[in-house]
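Residues per chain are reported as follows:
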Amino acid sequence: MALAVYNTMTRRKEEFRPREEGKVAMYVCGPTVYNYIHVGNARAYLVFDIIRRYLIYRGYEVRYVQNFTDVDDKIIARAREEGKTPEEIARFYEQAFLEDMRDLRVMPPDVAPRATETIPRMLEMIQGLVEKGYAYAVDGDVYFSVERFPGYGKLSGRSLEEMRAGERVEVDERKRHPLDFALWKSAKPGEPAWDSPWGKGRPGWHIECSAMSLHYLGMGFDIHGGGQDLVFPHHENEIAQSEAYTGREPFVRYWVHNGFVNIREEKMSKSLGNIILVREILKKYPADVVRMLALQTHYRSPIDFGPEALEDAKRAYERLENCLFALNSYLTRPHARTAPVRTQRETELSDSFLDYERRFREAMDDDFNTARAMGVIYELVKELNTYLQEQERFPTPAGPVIAGMGRDLLLKLCQVLGLFLPAEEVEEAVFETGRGVESRDVAGLPSPEQLIDLLLEVRALVRRKKDYETADLIRSRLKEMGVRVDDLREGQRWKYVGKP
Ligand code: AMP
Ligand code: ZN
């Protein structure tokens, strides 16, 4: 079965065929760094994190680029309010964003370019557009001429006339068409500015993303993502600039847009004043619960956000957590080591595990339908809970084998979606923020290292009592988890070597 992706450009699901076999080049519009991000923004980054993880699970080599818009009117305004430089504001909120992403367990991008570090590429593009007659300069500003680009409106599905009537665009005498947009803005005194053929100034927002995505991924890359509010004008303008500049199409093969997080039917947004910050939510709920919120709804549908939605997500998460906990505690109990002869029921159950994974894949292949994929996971949870209850009453020799298979499958499917990530993956996502480990020491919980040490203490004790069966069990279970235990003359030593 092929993977199908809904393409905003064609307004239908299409079979996913990347530019280069086995590889996916992906660009997601990053934050404008002038404030802390809210739950609506978080949804966008979670959605594309889930899509990225699924593509990796599907065997693709994914290159993921996400920019920082670190020069912008809003950053300049914020700097003025706070008596800081725009650069100070940008660096501060860039750091805050990295921390929020780490705390949400979003994989860091392969490349995270800053707009201010890609200015030469933007100037090259703007100059090219002027030379080709797609752009014009007026008093130190440069505008893109939308009428010169015949495909303008193809992403949002509107003609120039419709857009002109629908949008409240301010009349600017200097523009040839009201929808012409700035590629370059002349600098006012005190604003950040770079030299250009049109005088000192700074780039417009749209050209930033075109320049950065083309520079790092090249023309015709596979997936361009962002929230639905970016379709027009941001992505429409990116297409116009990039296709006009290169003289080729398509700029992007698949346009993917996530739905909004709403509060009482209104989009969560700073301008409406109804935002809830990610860092506030993460004080009350674990990252996985916030992720569950994104997973339980299809990524293109809206999410109605509120205390109930979070409590629902929390309950659903606990169902998974309880099942994994029950499986793990069952599996760490000592079991008789007899030949694992399976009952008929157990043979059927273990055969059905393959079927669960197939159905999970089928759901995700259908335009990343995480809601359906979660449904498959819940069914598996139910099945495993029933099996564990049966084992409590009528233990069978193959119990630990079957429960182990079930646990591994459940964990694997959850981890494809970014849930229950092992500690080492979280480690990888830690950016250099200086906050490092202590923020993960939630409420004094012991670290995995402390727990392994404790297990080895117990193992030393049972060995002294000549209970080698238990000692071996501890060692082999740790080995399954990637921890190798060596018995040396001076005692035991352990090392994390990765899963066998
Ligand atoms: P911004 O910093 O406003 O450009 O937003 C960053 C990302 O979050 C973009 O992909 C937006 O489309 C997305 N976004 C903003 N508000 C919401 C919302 N309420 N729900 C879902 N996505 C949003
Ligand atoms: Zn963008």
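For clarity, every value in this text was computed on a predicted model and none was experimentally measured.

Section: the overall build of the protein chain
Phase 1 of the analysis: Summing up its helical and strand segments, the protein chain has 16 helices and 15 strands in all.
Phase 2 of the analysis: For the protein chain, the spread of C-alpha atoms along the principal axes amounts to about 90 × 45 × 45 Å.
Phase 3 of the analysis: Looking at the protein chain residue by residue over its 500 residues, the buried ones come to 51%.
Phase 4 of the analysis: About 24,300 Å² of surface is accessible on the protein chain, with carbon and sulfur atoms providing 51% of the total.
Phase 5 of the analysis: Of the side-chain charges in the protein chain, 73 are positive and 81 negative, and the distance between the mean point of each set is 3 Å.

So, the nonpolar core
Phase 1 of the analysis: Within the largest apolar cluster, 91 residues are counted, with the highest numbers of intra-cluster contacts made by Leu55, Met292, Leu320, Phe360, Ile377 and Leu410.
Phase 2 of the analysis: Residue contributions to this core peak at eleven residues, all from helix α10 (residues 307-332).
Phase 3 of the analysis: When residues of this core are assigned to domains, at least three fall in each of domain 1 (4-283) and domain 2 (307-438).
Phase 4 of the analysis: Aside from chain neighbours lying at most four places away, what touches Met292 is Ala313, Ala316, Tyr317, Leu320, Met374, Tyr378 and Leu419.
Phase 5 of the analysis: Grouped together as the second largest cluster of nonpolar side chains are 45 residues, Ala25, Tyr134, Phe149 and Trp255 included.

Overview of the domain arrangement of the protein chain
Phase 1 of the analysis: The domain architecture assigned to the protein chain consists of domain 1 (4-283), domain 2 (307-438) and domain 3 (448-496).
Phase 2 of the analysis: The C-alpha centroid of domain 3 is placed 52 Å from the C-alpha centroid of domain 1.

Quick look at the side chain of Glu94
Phase 1 of the analysis: Tracing the sequence through the fold places Glu94 in helix α3 (residues 86-103).
Phase 2 of the analysis: Among the residues examined, Glu94 registers a relative accessible area of 6% and is labelled buried.
Phase 3 of the analysis: Side-chain polar atoms of Glu94 contact the side chain of Arg114, separated by 2.6 Å.
Phase 4 of the analysis: Setting aside chain neighbours within four positions, we find Glu94 in contact with Val33, Phe68 and Arg114.

Quick notes on the coordination of the zinc ion (ligand 2)
Reference geometry at the metal: tetrahedral coordination by four donors gives ideal angles of 109.5 degrees; octahedral coordination by six donors gives 90 or 180 degrees.
Phase 1 of the analysis: Coordination of the zinc ion (ligand 2) by the protein involves Cys29 (SG), Cys209 (SG) and His234 (NE2), with metal-donor separations of 2.0 to 2.2 Å.
Phase 2 of the analysis: Counting gaps between the donor residues of the zinc ion (ligand 2) yields the pattern C-x179-C-x24-H. Separated by 25 residues along the polypeptide, Cys209 in helix α6 (residues 205-217) and His234 in helix α7 (residues 231-246) bring together distant segments of the chain. Judged on exposure class, the residue Cys209 and its partner His234 are both buried.

Section: the sheet that holds strand β6 (residues 141-144)
Phase 1 of the analysis: Spatially, four strands are ordered β5-β6-β7-β8 in an open sheet, and the strand pairing comes out antiparallel. Each end of this open sheet is capped by a strand with a single partner; those strands are β5 (135-138) and β8 (201-203). The mean inter-strand angle of the sheet, taken between neighbouring strand axes irrespective of direction, is 20°.
Phase 2 of the analysis: Bridge count between β5 and β6: four bridges; the pairing is antiparallel. Counterpart to Ala137 in the pairing with β6 is Val142.

Details of the environment of Arg464
Phase 1 of the analysis: Positionally, Arg464 belongs in helix α15 (residues 448-464).
Phase 2 of the analysis: When the C-alpha atoms of Arg464 and Val497 are compared, they prove to be 27 Å apart, with 33 residues separating the residues in sequence.

Regarding the packing of aromatic side chains
Phase 1 of the analysis: According to the stated counting rule, one finds 18 aromatic pairs in the structure shown.
Phase 2 of the analysis: Considering the side-chain rings of Tyr36 and Phe92, the 6.2 Å spacing of their centres and the 65° angle between planes classify their relative orientation as edge-to-face. Remark: Phe92 occurs in helix α3 and Tyr36 occurs in the loop between β3 (23-28) and α1 (39-57); sequence separation between them is 56 residues.
Phase 3 of the analysis: Judged by relative accessible area, which is 45%, Phe92 ranks as partly exposed.
Phase 4 of the analysis: Seen from their ring centres, Tyr136 and Tyr143 are 5.9 Å apart, and the 35° between their planes marks the pair as tilted. Both residues of the pair, Tyr136 and Tyr143, belong to the buried class.
Phase 5 of the analysis: Members of the aromatic cluster, connected to one another through ring pairs, are Tyr54, Tyr57, Tyr299, Phe360 and Phe368.
Phase 6 of the analysis: Sitting over the face of the ring of Tyr134, Arg148 holds its NZ or CZ atom 5.5 Å from the ring centroid.
Phase 7 of the analysis: Above the ring of Phe232, the side-chain terminus of Arg158 is found at 4.7 Å from the ring centroid.

Points about the pattern of salt bridges
Where charged atoms from two side chains of opposite charge come close, those side chains can pair.
Phase 1 of the analysis: For the structure shown, the criterion picks out 47 salt bridges.
Phase 2 of the analysis: Between Arg291 and Asp49 there is a salt bridge; the shortest N-O distance is 2.8 Å. On the criterion of sequence distance, the pair formed by Arg291 in helix α9 (residues 287-295) and Asp49 in helix α1 is long-range, its members being 242 residues apart.
Phase 3 of the analysis: Close ionic contact of Asp139 with Arg174 constitutes a salt bridge, the shortest N to O distance being 3.3 Å. Of the two residues, Asp139 is situated in the loop between β5 and β6 and Arg174 in the loop between α5 (160-166) and β7 (181-186); the sequence distance between them amounts to 35 residues.

So, the site of ligand 1
Phase 1 of the analysis: In the vicinity of ligand 1 lie 16 residues, with Gly40, Gly227, Asp229, Val261 and Met268 positioned nearest.
Phase 2 of the analysis: Contact between ligand 1 and Asn258: a nitrogen atom at 3.4 Å from a side-chain N or O atom of the residue.
Phase 3 of the analysis: Taking Met268, its main chain carries an N or O atom lying 2.9 Å from a nitrogen atom of ligand 1.
Phase 4 of the analysis: Of all elements in the fold, only α1 and β9 (221-227) reach the threshold of two or more residues within the shell around ligand 1.
Phase 5 of the analysis: No other element matches α1, which puts four residues into the shell around ligand 1.

Quick notes on the rules
Residues numbered from 1 in each chain as written. Chains lettered and ligands numbered in written order. Predicted model: local features only at pLDDT ≥ 70, side-chain atom pairs only at ≥ 80, totals over all residues. Heavy atoms only, no water. Helix = DSSP H or I, 4+ residues; strand = E, 2+ residues; numbered from the N terminus. Buried < 20%, exposed > 50% of the residue type's maximum accessible area, 1.4 Å probe, protein only. Areas by Shrake-Rupley, 256 points an atom, 1.4 Å probe, with all protein chains shown as cover. Lys, Arg positive; Asp, Glu negative; His and termini not counted. Charge placed at Lys NZ, Arg CZ, Asp CG, Glu CD. Core = buried A, V, L, I, M, F, W, Y, C linked by side-chain atoms within 4.5 Å. Domains from an automatic or database assignment. Contact = heavy atoms within 4.5 Å. Polar contact = N/O pair within 3.5 Å; in protein donor to acceptor, adjacent residues only side chain to side chain. Donors = N, O, S within 2.8 Å, 3.2 Å for Na, K, Ca; no water. Pairing = 2+ DSSP bridges. Axes fitted to C-alpha atoms, helices over the stretch in contact; angles between N-to-C directions. Phe/Tyr/Trp six-rings, centres within 6.5 Å; stacked < 30°, edge-to-face > 60°. Lys NZ or Arg CZ within 6 Å of the ring centre and 35° of its normal. Salt bridge = Lys/Arg side-chain N within 4 Å of Asp/Glu carboxyl O. Near = heavy atom within 4 Å.

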